[in-house]
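Here are the chains, one letter per residue:
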Amino acid sequence: MDKRYTALGTSMLVLKLLEEKDMYGYQIIRELEQRSQKVFSLQEGTLYPVLHSLEQQGALNSYQQTAENGRSRKYYAITRSGRKLLKEKTDEWMGYQQAVNGILGGVLFDG
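Each value, and the rule that gives it
Every chain is numbered independently, its residues counted from 1 as its sequence is written. Selection of residues for local features in this predicted model requires a pLDDT of at least 70, selection of side-chain atom pairs for listing and counting requires 80 or more, and totals for whole chains, interfaces and linings are taken over all residues. Only hydrogens and water are removed before side-chain values are computed, so all heavy atoms of the structure are retained for them. Joining through side-chain atoms within 4.5 Å is the link that ties buried Ala, Val, Leu, Ile, Met, Phe, Trp, Tyr and Cys residues into a set, and such a set is a nonpolar core. Working definition: with a 1.4 Å probe on protein chains only, accessible area under 20% of the residue-type maximum means buried, over 50% means exposed, and in between means partly exposed. By definition, any uninterrupted DSSP run of H or I lasting at least four residues is a helix, any uninterrupted run of E lasting at least two residues is a strand, and each is numbered from the N terminus. Contacts are residue-level and defined by heavy atoms, with any inter-residue pair within 4.5 Å sufficient. Just to be clear on terms, a salt bridge is a Lys or Arg side-chain nitrogen sitting within 4 Å of an Asp or Glu carboxyl oxygen. Think of it this way: a Phe, Tyr or Trp ring, Trp meaning its six-membered ring, pairs with another when their centres are within 6.5 Å, and the plane angle makes it stacked under 30 degrees, edge-to-face over 60, tilted otherwise. Charge-over-ring contacts are defined here by two conditions on Lys NZ or Arg CZ: a distance within 6 Å of the ring centre and an angle within 35 degrees of the ring normal.

Draft legend 1. Just the nonpolar core, in detail. Residues Val14, Leu15, Leu18, Ile28, Leu51, Leu54 and Leu60 are the most contacted members of the largest nonpolar core, which totals 20 residues. Of all the elements in the fold, those that place two or more residues in this core are α1 (3-20), α2 (25-35), α3 (44-56), β3 (72-78) and α4 (80-104). With 5 residues, α1 is the largest single contributor of residues to this core. Residue contacts for Leu15: discarding those within four places in its chain leaves Leu54, Ala59, Leu60, Ile78, Gly82, Leu85, Leu86 and Lys89.

Spelled out as structure tokens, the structure:
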């Protein structure tokens, strides 16, 4: 798959999770794994550049919060600009998905 669509998919999924609630990095990784039945299993070295890029674009804000165990965690929150970007990325992904389905004849595979 084109690296552009891999990056598009990863940032889109992260934005989608953060649209639901603020999360810290490891929480995002776990949530992606659980919801995708481990199809999306990101390493921290993959996730944090995506988060930093989205933050630089103004799609996310971050803040520090102390957890129950006393550790300080960096949480990420989607911004209004991030919600707009999520819609754009979702629309682009749907176009990509339609193109693939057009080639496959609309066949969905169970795996």
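Draft legend 2. Here's a closer look at the pattern of salt bridges. Applying the stated criterion across every chain yields a total of 4 salt bridges. In this structure, the salt-bridge partner of Lys16 is Glu19, at a minimum N-O distance of 2.9 Å. Of the two residues, Lys16 and Glu19 both sit in helix α1, 3 residues apart, roughly one turn of that helix. Using a relative accessible area of 41% as the deciding quantity, one classes Lys16 as partly exposed. Given a relative accessible area of 29%, Glu19 falls into the partly exposed group. For Lys87, the salt bridge identified is with Asp91, shortest N-O distance 2.9 Å. Within this pair, Lys87 and its partner Asp91 are both found in helix α4, separated by 4 residues, close to a single helical turn.

Draft legend 3. Quick look at the packing of aromatic side chains. On inspection of all chains with the given rule, the structure shows 3 aromatic pairs. Here Tyr63 and Tyr75 contribute two aromatic rings whose centre-to-centre distance is 5.7 Å and whose plane-to-plane angle is 10°, an arrangement assigned as stacked. Pair noted here: Tyr63 is in strand β2 (residues 60-66) and Tyr75 is in strand β3, with a separation of 12 residues, a long-range link. Ring centres of Trp93 and Tyr96 lie 5.3 Å apart, and the angle between their planes is 40°; on these two criteria the pair is classed as tilted. Pair noted here: Trp93 and Tyr96 are both in helix α4, with a separation of 3 residues, about one helical turn. By relative accessible area, which is 24% here, Trp93 ends up partly exposed. Joined through ring pairs, the aromatic side chains of Tyr24, Tyr63 and Tyr75 make up one cluster. When the ring centre of Tyr24 is taken as reference, the NZ or CZ atom of Arg73 above it lies at 4.2 Å.

By themselves, these observations are geometric and do not establish any function.
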